[in-house]
Amino acid sequence: MSDDEPDLELLALLRQHLQGKLTLSDEPETGVLEGAEYVYDNAIDVAIDMRSCKNAAAAIHAQMRQKDYSPATWATHELHPDAFDLGDDAALVAFVFTMDLLNFSFWSEKPEAERFTVEYRGKRWTGYWSLVAALRRALDEGIPITDSHFWQDEEECTLEVLQQVFRSSTSEEIPLLPERLACLREAGKVLYEKYKCHPANLVDAANGSAAGLVNLLARDFSCFRDEHVFEGRRKPIRILKRAQILVADLWACFEGEGYGEFRDIDKITMFADYRVPQILNSMGCIFYSPPLDTAIHAKRNIPCGGSWEMQLRACSIWCVELIRREIARQHPDSHTNAILIDFFLYDTIKEMEASGQENVPHHRTRSIWY
Ligand SMILES: Nc1nc2c(c(CN[C@H]3C=C[C@H](O)[C@@H]3O)cn2[C@@H]2O[C@H](COP(=O)(O)O)[C@@H](O)[C@H]2O)c(=O)[nH]1
């Protein structure tokens, strides 16, 4: 082909790109939203009510504005540490990594006074906050609970030591303690083999991409690989809840700077746990088929990886995405994302729980994924 002849193939490629059919960039994608939409399109036990989502979008946006909700809100929680508390930025990365490695399954069927509880700084902490309190208490007591060398040391980091780290002021032990030890062991091994023993090097390896960091976590750590087959579909559905909330917690605690700087942070979706589906259901945004609704109200175990559980988690991700789009439509100037909507909804359901306004139960699945 002579120099002055147009390269028809290149022109066709550019035309596709300009028409939005093709992204020429090599920016990574997590595939979570695509999987969530697929499950939503094929779900029969969980549905989304568009009118309620529209109303929720207006209410959420108004309350977030009123509370000046931003990444900085993360640091306002009295237990969340900052770099000063821990010594330096790398120590804060190690804390957040450890926290989100173990950030799962705190729910209990015991009465409030008997459930697993951590006493720290003169207060009793339950749920997610019991985890944060236990990690900070361990550090105060000189246990290097955020150090990957410790996690690998089978003489030092034993189940008994972990029982001490997560000792409760009640008779109930933290759920899934052996599984938590296994997560620490695996993470210690992978960090040793691939990231010079420190999670800060893992964050650096993502080169400023949130989706890239999520993908590294899912690729290298089986305990972050929260993906499951849905009704025989060949390609597993990626939920990646703890990988995503890890990136979100870094972004929030560093307020988008340094180890928290991600150019594609808006690719992170809602974190499919057992709290946000609960508040979405209580707001009427998602609703259930009669058998699923009965099972949830009866507090029956919903099997991990089953169709019901996948529909609950994936439809919640898709529902928050629709709420996010509706907020953007109603308020084009407001720059909110799925992370801040999620954080806001989680904190709201926790306030409702604390004030006895929890009017629908959350679903009960015991797993290391959330
Ligand atoms: N979707 C979503 N799930 C979240 C959180 C958080 C805490 N994030 C803090 C950071 C910023 C926010 O402002 C929060 O202050 C914990 N969880 C999950 O909930 C469950 C614990 O529930 P309960 O046992 O009742 O405490 C468990 O699966 C845990 O992994 C969140 O934000 N979003």
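Since the model is a prediction, treat every value here as computed from it, not as a measurement. (Residues numbered from 1 in each chain as written. Predicted model: local features only at pLDDT ≥ 70, side-chain atom pairs only at ≥ 80, totals over all residues. Heavy atoms only, no water.)

Chemist: Sorry, what's going on with the site of the ligand here?
Modeler: The ligand sits among 23 residues. The nearest are Lys-241, Arg-275, Asp-342, Asp-347 and Lys-350. Tyr-274 is positioned such that a nitrogen or oxygen atom in its side chain is 2.8 Å from an oxygen atom of the ligand. Between the ligand and Lys-350, the relevant distance is 2.7 Å, taken from an oxygen atom to a side-chain nitrogen or oxygen of the residue. The protein chains hide 99% of the 660 Å² of surface that the ligand would expose on its own. At the level of secondary structure, the elements contributing two or more residues to the shell around the ligand comprise helix 7 (127–140), helix 13 (241–253) and helix 17 (338–354). With five residues, helix 17 is the largest single contributor of residues to the shell around the ligand. Split into classes, the residues belonging to the shell around the ligand amount to 12 nonpolar, four polar and seven charged. (Near = heavy atom within 4 Å. Polar contact = N/O pair within 3.5 Å; in protein donor to acceptor, adjacent residues only side chain to side chain. Areas by Shrake-Rupley, 256 points an atom, 1.4 Å probe, with all protein chains shown as cover. Helix = DSSP H or I, 4+ residues; strand = E, 2+ residues; numbered from the N terminus. Nonpolar A, V, L, I, M, F, W, Y, C, P; charged D, E, K, R; others polar.)

Chemist: What am I meant to see in helix 7 here?
Modeler: Residues that lie three or four places apart on an α-helix share one face, since the helix turns once every 3.6 residues. Along its 14 residues, helix 7 runs 20 Å from first to last C-alpha, staying within 8% of the 20 Å computed at 1.5 Å per residue. Among the 14 residues that make up helix 7, 12 are buried, leaving the element largely enclosed by the rest of the structure. Every buried residue of helix 7 is listed here: Gly-127, Tyr-128, Trp-129, Ser-130, Leu-131, Val-132, Ala-133, Ala-134, Leu-135, Arg-136, Arg-137 and Ala-138. Contacts from the buried residues of helix 7 go to helix 5 (83–86), helix 6 (89–101), strand 2 (118–120), strand 3 (123–125), helix 9 (159–165) and helix 17. Gly-142 sits one or two residues past helix 7 and shows a positive phi near 80 degrees. (Expected span 1.5 Å × (residues − 1). Buried < 20%, exposed > 50% of the residue type's maximum accessible area, 1.4 Å probe, protein only. Contact = heavy atoms within 4.5 Å.)

Chemist: Explain the confidence of the model for the protein chain here, please?
Modeler: Interpretation of this model should avoid reading the predicted coordinates in detail wherever pLDDT is low. Considering every residue of the protein chain, the mean pLDDT works out to 95; 96% of them sit at 70 or more. Both confidence scores are given for the complex: pTM 0.94, ipTM 0.99. (pLDDT = per-residue confidence, 0-100.)

Chemist: Looking at this model, I keep getting lost on the pattern of salt bridges. Mind explaining?
Modeler: Side-chain pairs of opposite charge can arise where the charged atoms are in close proximity. Considering all chains together, one arrives at 23 salt bridges under this definition. The partner of Arg-219 in a salt bridge is Asp-220, with the nearest N and O atoms 2.7 Å apart. For Arg-219, a relative accessible area of 51% translates into the label exposed. Exposure remark for Asp-220: the relative accessible area of 10% places this residue in the buried category. (Salt bridge = Lys/Arg side-chain N within 4 Å of Asp/Glu carboxyl O.)

Chemist: I'm lost on the side chain of Thr-30 in this one. Help?
Modeler: Position of Thr-30 among the secondary structure elements: in the loop between helix 1 (8–18) and helix 2 (32–41). The class for Thr-30 is buried, based on a relative accessible area of 9%. Side-chain polar atoms of Thr-30 contact the backbone nitrogen of Val-32, separated by 3.2 Å. Sequence-distant contacts of Thr-30, that is, excluding residues within four places in its chain, are made with Ala-211, Val-214, Asn-215 and Arg-238.

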